[in-house]
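Coordinate inspection notes
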Amino acid sequence: MIALERRPNTSRFWLYATPLLAVILTVLSGAILFTVLGFDPIEALTAYFISPLRDSYGLGELTIKATPLAIIAIGLAIGFRANVWNIGAEGQLTLGAITGGGLALLFYGAEGPWLPPLMLVGGMLGGAVWAAIPAFLRTRFNANEILVSLMLTYVAGLLLSYLVTGPWKDPMGFGFPRTRMFGEGALLPTLFAGSRMHIGFPIALATVAGAWFLIARSFIGFQIKVVGLTPPAAGYAGFSNKRIIWATLLCSGALAGLAGAIEVSGPIGQLTPSISPGYGFTAIIVAFLGRLHPLGILCAAMLMALSYIGGESAQIELGLPLAVTGVFQGMLLFFLLASDVLVHYRIRLRLTREAV
Amino acid sequence: MHSETSPLTASNTPPRLRLREITKRFPGCLANDAVSLDLAPGEIHALLGENGAGKSTLVKILYGVQGADSGVIEWEGRAVDIPNPSAARALGIGMVFQHFSLFETLSVADNVALAMDRGTGRDPALLAEIRRLSTDYGLALDPTRIVHELSVGERQRVEIVRCLMQNPSLIVMDEPTSVLTPSEVEKLFTVLRRLRDEGRTILYISHKLQEIRDLCDRATILRGGKVVASCDPRQETPNSLAALMIGRAFDGPKAGKPVQVGDGVPLLAVQGLSMEADSPFGTSLKNISFTVRAGEIFGIAGVAGNGQNTLLAALSGERTAPRDDWVKFEGHSIGRVGARGRRDMGISFVPEERLGHGSVPDLPLEDNALLSGWGRWGLVRHGLIARGKSRQKAEDVIEAFNVVSTGTGAAARSLSGGNLQKFIIGREIMQEPKLLIAAQPTWGVDAGSAAAIQSALIELARAGAGVVVVSQDLDELFTIADRVAVIFDGALSESRPTHATSAEDVGLLMGGLFEVAP
């Protein structure tokens, strides 16, 4: 008989081993999936996971995808630690792209070195304002922030569509729904020749370091932890639950907005109806895969970025459908959640029960 | 005390239940170590032991909730396997749990029907049967009432009737009196004696020594998972039973001399406090008034669920009162001041729930020192945690209050109940409060720790602080409190000095027979 038995203490080993286990199981299942689809599994997995990393261009692409994922996931993780479930990072990202991109359009032809930083700050403000709506409704009317933030994602998407098909449409764009390309001075500088890697990646690294410091050393980080683990103890200590909700939602909204501004001022360079391949949702997986820990999130963001560009490379090399990317991401989260049980429980094989 | 029928232990009849060498090991502890026990028909058999002695584990094995690692259970002379509770019930074993397992939104009859798999509580035959049993045994009960309207004593009757419906020959009762008033206890004992006289066996689990001497024919004492003694409790004194239970001579808390309380402004003055409960099944407060002076211990007695939780939240500031002047501290109105502000003023608080309210279970002791001590100990500088200092404070508490743990890095959940409670009480006392409010400070704590905690509270009051103790345990209040008042259905009685009243009088008040304090 197989039995699950609760561990007396949570297992530190499995806490860090389960993400690796989930990755291994995902790769194995992927191999099976490719075989069933009629591909050579080794070749397909190589195309998916190895080919994209062979040159500096590929590595640069990896950081471009990892940057928004890491920045958003850091913000989400701070909220998740306090049981504040911001599911609408995609919408906050969109708002950040609108406000950041709006500044680029506003100062078109009058750019200076001050403009990219201003756009990033503008993006953070836009995302924070969008996240302030669920924060207000939650603290004032106890409205569920999961639903509110998620629904606002679609509102943000429609707002962006309206802007790029209406008032902000490129007059020289042959009617395509997009804005004009931003001026050269509104774009983030790239770091190396021969790679599209831009200054967003160092910003992501700085965010990771800042979040680590916040969580480990600051009193607000401690309050977030207590509110998340044991709300009655937080009330007993006199920590304000409302303040934590506001702080975490504004912080995660601002970071998602930052990611949005980085996207439009970095690789895209204009506003289009679809500026994100679902970074705001994928970042939720990244946050959990990284165990809500900043360093873990950085690694998870790299892995997820690989799944994006791996999907593109597998499509190009083998003609696999792009939907494989979603399948891989879904399997990864599924295996992670399933193997998480090992953190709190252990498997015991009991042969027969002794006569009682 | 007395016993009309002596236990039937004729050597030729097999015992009703015999446990032989039952052993159960959990990760990190041996809960039952070769426990053997015989239960005869027609006896009330006490299972006595401190928390963690292995009583609950043994009962769970007997009722099929857990399997034993080794050992034999014999029922009426033959070995049986009890894989689950329904097998136990089929044999004739009934159980009345310490924490009631009733659905609050359903009727009494619905609850009985659910447990017996008998359709709904509208079945007239079932209603009649419940009525018959409850009148037979003097357990007044209306089967159509909704459980959340019932008092705690009535809920227990539901549990007992539900158990009796299956006509069990062995009834296991786990700490049945912990939530009852003294008069309810007396009624319960009458029922239990009657059940015994019908030839049923009762396994009575408790750590209340006087009750066991009043009620039980035999006692088996567990300590550290082992049977350490078996005796006739009527031949023992409470002190000798306590010594068997804790394994050494028992020291009660140091009794202090009567206090000299100041005549000036009272430390804490609650005046006309009324407040809604925050849950539909909570009890709202009705016009509560009392004062606490520096240097005294003020006891609030009462059966659980009579508004203690609402009152405690209003005193700690976790919920603020509707009006600022309903609660005053040193003459200043603080009704609208939150928990943090009150702690800064010098009011400390020990919640009833140690794990999950007074501490964060998953965090180490040094973080739990930070939890309530950050303000008064100055553990936060420029928004950053002073790690070294909070570790030192946790260290100081551990040392001063003899907290057994693996150090400041030990998670709160890894401590035993008594040690965690000592840590929490110590943490609050070492912040040098002017007023300490403690809820059930020794509930479920081993006797040694309980005495240490009570001594610490007395010492704090003698040093000039005010102490409020909310407790269900009258013995405790009469040991440490200078004055005592009773809370019933959200109202508070007038207070009386403990030397001028008796446990019996207070027990009557706990049943609600009082005029509300002006």
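Residues numbered from 1 in each chain as written. Chains lettered and ligands numbered in written order. Predicted model: local features only at pLDDT ≥ 70, side-chain atom pairs only at ≥ 80, totals over all residues. Heavy atoms only, no water.

**What to know about the overall build of chain B**
Note the following rule: Every helix listed is a DSSP run of H or I at least four residues long, and every strand listed is a run of E at least two residues long, numbered separately from the N terminus. What the globule rule says is 2.2 Å times the number of residues to the power 0.38, and the radius of gyration is computed from C-alpha atoms. Accessible area is worked out with a 1.4 Å probe on protein chains only. A residue is then buried under 20% of its type maximum, exposed over 50%, and partly exposed in between. Note on definitions: a residue-residue contact is assigned when non-hydrogen atoms from the two residues lie within 4.5 Å. Residue-level accessible areas treat just the shown protein chains as cover; the underlying method is Shrake-Rupley with a 1.4 Å probe. Neither His nor the chain ends is counted toward charge; the positive residues are Lys and Arg and the negative residues Asp and Glu. Throughout, a charge is located at the NZ atom of Lys, the CZ atom of Arg, the CG atom of Asp or the CD atom of Glu.
A tally of helices and strands in chain B yields 16 helices and 23 strands. On C-alpha atoms alone, chain B measures out to a radius of gyration of 24 Å, which is about the 24 Å that the 2.2 N^0.38 rule sets for 518 residues. Counting only C-alpha atoms, chain B reaches 75 × 50 × 45 Å along its principal axes. Per-residue burial over chain B gives 54% buried out of 518 residues. Partitioning the contacts of chain B with sequence separation of at least 6, the portion at a separation of at least 24 is 66%. When the accessible area of chain B is evaluated, it comes to approximately 21,100 Å², of which 50% is carbon and sulfur surface. Computing the positive centroid from 54 side-chain charges and the negative centroid from 62, chain B places the two 3 Å apart.

**Considerations on the environment of Asp81 of chain B**
Residue and element names in this part refer to chain B. Examined against the element boundaries, Asp81 turns out to sit in the loop between strand E5 (78–80) and helix H2 (85–91). Here Asp81 falls in the partly exposed class, since its relative accessible area comes to 46%. Between the alpha carbons of Asp81 and Leu62 there is a distance of 9.7 Å; along the sequence they are 19 residues apart.

**Re a nonpolar patch on the surface**
All names here are of chain A. Operational definition: The patch calculation keeps residues exceeding 30% relative accessible area without a salt bridge and links them within 9 Å when they carry like charges or within 5 Å when they are nonpolar (Val, Leu, Ile, Met, Phe, Trp, Tyr). A pair is scored as a salt bridge if a Lys or Arg side-chain nitrogen falls within 4 Å of a carboxyl oxygen belonging to Asp or Glu.
On the surface, Ile2, Leu4, Val341, Ile347 and Leu349 cluster together into a nonpolar patch covering about 520 Å² of accessible area. The set of elements that each furnish at least two residues to the nonpolar patch consists of strand E1 (2–6) and strand E2 (345–349). The exposure class of Leu4 is exposed, given its relative accessible area of 51%.

**Regarding the interface of chain A and chain B**
Counted only if it meets this: Any pair of nitrogen or oxygen atoms within 3.5 Å is treated as a polar contact; in protein, a donor-acceptor pairing is required on top of that, and neighbouring residues in sequence qualify only through side-chain atoms on both sides. Any residue that is not Ala, Val, Leu, Ile, Met, Phe, Trp, Tyr, Cys, Pro, Asp, Glu, Lys or Arg is counted as polar, Gly included; the first ten are nonpolar and the last four charged.
On the side of chain B, 39 residues touch chain A, which itself brings 25 residues to the contact. If you look at where chain A meets chain B, you find zero salt bridges. Counting across the interface, chain A meets chain B through seven residue pairs in polar contact (both at pLDDT 80 or more). Every element with two or more residues in the side of chain A that touches chain B is listed here: helix H7 (200–217), helix H8 (219–229) and helix H9 (231–237) of chain A. Class assignment of the residues belonging to the side of chain A that touches chain B gives a composition of 14 nonpolar, four polar and seven charged.

**A look at the pairing of strand E10 (residues 226–231) of chain B**
Residues and elements named next belong to chain B. For clarity, the cut-off: DSSP bridges decide pairing: two strands pair if at least two such bridges lie between them.
The pairing of strand E9 (residues 218–223) with E10 spans five bridges and is antiparallel. The residue bridging Ile221 from the neighbouring strand is Ala229, located in E10. The antiparallel pairing of E9 with E10 creates a hairpin that spans two residues between the two strands, and Gly224 there sits at a positive phi of about 55°.

**A few points about the packing of aromatic side chains**
For clarity, the threshold we go by: Aromatic contacts are taken between Phe, Tyr and Trp rings whose centres are within 6.5 Å, Trp giving its six-membered ring; a plane angle under 30 degrees counts as stacked, one over 60 as edge-to-face, and the others as tilted. Two conditions define a charge located above a ring, namely a distance within 6 Å from the ring centre to NZ of Lys or CZ of Arg, and an angle within 35 degrees of the ring normal.
A full pass over the atoms with the stated rule returns 20 aromatic pairs over all chains. Both rings, one in Phe219 of chain A and one in Trp374 of chain B, keep their centres 4.7 Å apart while their planes meet at 45°; by these two values the pair is tilted. Taken together, the positions of Phe219 of chain A in helix H8 and Trp374 of chain B in the loop between helix H11 (365–373) and strand E17 (380–381) put the pair across two chains. A relative accessible area of 13% means that Trp374 of chain B is categorised as buried. Clustering of aromatic rings is evident, with ring pairs tying together Phe34, Tyr48, Phe49 and Phe328 of chain A. Against the face of Tyr108 of chain A rests Arg180 of chain A, its NZ or CZ located 4.2 Å from the ring centre. For Arg343 of chain B, the ring lying beneath its charged end belongs to Tyr236 of chain A, and the centroid distance is 4.9 Å.

**Considering the sheet that holds strand E11 (residues 268–275) of chain B**
All names here are of chain B. Under the convention used in this document: Note on method: axes are straight lines fitted to C-alpha atoms, helices fitted across the in-contact stretch only, with angles between N-to-C directions ranging 0 to 180 degrees.
Ordered in space as E12-E11-E14-E15, the four strands form an open sheet in which the pairing is antiparallel. Looking at the sheet topology across the chains shown, the edges are occupied by strand E12 (285–292) and strand E15 (332–333). Examined bridge by bridge, E11 and E12 share five bridges and lie antiparallel to one another. In the strand pairing of E12, Val270 is matched with Phe290. On top of the sheet, helix H9 (residues 308–316) reaches E11 and E12; it is set at about 125° to E11, its chief contact.

**Observations concerning the packing of helix H3 (residues 56–81) of chain A against helix H10 (residues 241–268) of chain A**
All names here are of chain A. Test applied: These descriptions rest on fixed angle ranges, namely under 35 degrees for roughly parallel, over 145 for roughly antiparallel, 65 to 115 for roughly perpendicular, and the rest for oblique.
It is the contact of H3 with H10, at a shortest axis distance of 7 Å, that shows an interaxial angle of 170°. Relative to H10, H3 is oriented roughly antiparallel. Taken together, the residues of H10 that come into contact with H3 (itself represented by Ile64, Thr67, Pro68, Ile71, Ile72, Ile74, Gly75, Leu76, Ile78 and Gly79) are Thr248, Cys251, Ser252, Leu255, Ala256, Leu258, Ala259, Ile262, Glu263 and Pro267. Among the residues forming the contact of H3 with H10, the class breakdown is 14 nonpolar, five polar and one charged.

**Concerning the pattern of salt bridges**
Residues and elements named next belong to chain B. Summed over the entire model, instances satisfying the criterion amount to 31 salt bridges over all chains. Note that Glu159 is salt-bridged to Arg162, the shortest N-O span being 3.5 Å. Taken together, the positions of Glu159 and Arg162, both in helix H5 (residues 152–164) and three residues apart, correspond to about one turn of that helix. Each member of the pair, Glu159 as well as Arg162, is classed as buried. Ionic pairing is found between Glu198 and Arg194, a salt bridge with its closest N-O pair at 3.7 Å. Through salt bridges with shared partners, a single ionic network connects Arg196, Asp197, Asp217, Asp232 and Arg234.

**Let's talk about the pairing of strand E4 (residues 70–75) of chain B**
Residue and element names in this part refer to chain B. Looking at chain direction, strand E1 (residues 17–26) and E4 are connected through five bridges and run antiparallel. Looking at the pairing, Arg18 lines up with Glu74 of E4. By the bridge criterion, three bridges tie E4 to E5 in an arrangement that is antiparallel. Bridge pairing in E5 links Glu74 to Ala79.

**Here we look at the environment of Arg162 of chain B**
Residue and element names in this part refer to chain B. The class for Arg162 is buried, based on a relative accessible area of 12%. Considered as a pair, Arg162 and Ile130 are 32 residues apart in the sequence and their alpha carbons are 8.2 Å apart. If we ignore the near neighbours within four places in the chain, the residues touching Arg162 are Ser101, Leu102, Asn111, Val112 and Ala115.

**A word on H9 of chain B**
Residues and elements named next belong to chain B. With eight of its nine residues buried, H9 lies for the most part within the structure. Turning to H9, its buried residues are Gln308, Thr310, Leu311, Leu312, Ala313, Ala314, Leu315 and Ser316. Just downstream of H9 lies Gly317, where phi reads positive at about 90°.

**Quick notes on the confidence of the model for chain A**
Should the pLDDT be low somewhere, the predicted coordinates at that spot are not to be read in detail. Formally: Values of pLDDT, ranging from 0 to 100, describe the predictor's confidence in every residue of the model.
Counting all residues, the mean pLDDT for chain A is 89, and 97% of those residues have values of 70 or more. The model gives residues 352–356 of chain A a pLDDT under 50, and that stretch makes 13 contacts with residues more than four places away or in other chains.

**A look at the sheet that holds E10 of chain B**
All names here are of chain B. Across the sheet, six strands lie side by side as E6-E7-E8-E3-E9-E10; this open sheet has mixed pairing. The open sheet has two edge strands, strand E6 (93–96) and E10, and neither has a second partner. Here the average twist between neighbouring strands, direction ignored, is 20°. Strands strand E3 (44–48), strand E7 (170–174) and strand E8 (201–206) of the sheet are contacted by helix H6 (residues 182–197), whose axis makes an angle of about 145° with E8.

**Concerning empty space enclosed by the protein**
Over the atoms a probe the size of a water molecule is rolled, and this reveals where empty space is left. We count it as follows: With a 1 Å grid spanning the protein atoms alone, the term cavity applies to any set of points in which a 1.4 Å probe fits but cannot get out, the term pocket to an open set with protein on both sides within 12 Å along at least five of seven lines, and the term lining residue to any residue with an atom within 4 Å of a point. Grid points are joined across faces, edges and corners, and a volume is the space filled by probe spheres set on the points.
Scanning the model with the defined rule gives three cavities of 30 Å³ or more in all. Taken as a whole, the largest cavity encloses approximately 60 Å³ of empty space. In this structure, the largest cavity is lined by Tyr236 of chain A together with Ser316, Glu318, Ala339, Arg342, Arg343, Ile347 and Phe349 of chain B. Mapped onto the lining of the largest cavity, the elements with two or more residues apiece are helix H10 (339–345) and strand E16 (347–350) of chain B. Among the elements that take part in the lining of the largest cavity, H10 of chain B stands out by supplying three residues, more than any other. Tallied by class, the residues present in the lining of the largest cavity amount to four nonpolar, one polar and three charged.

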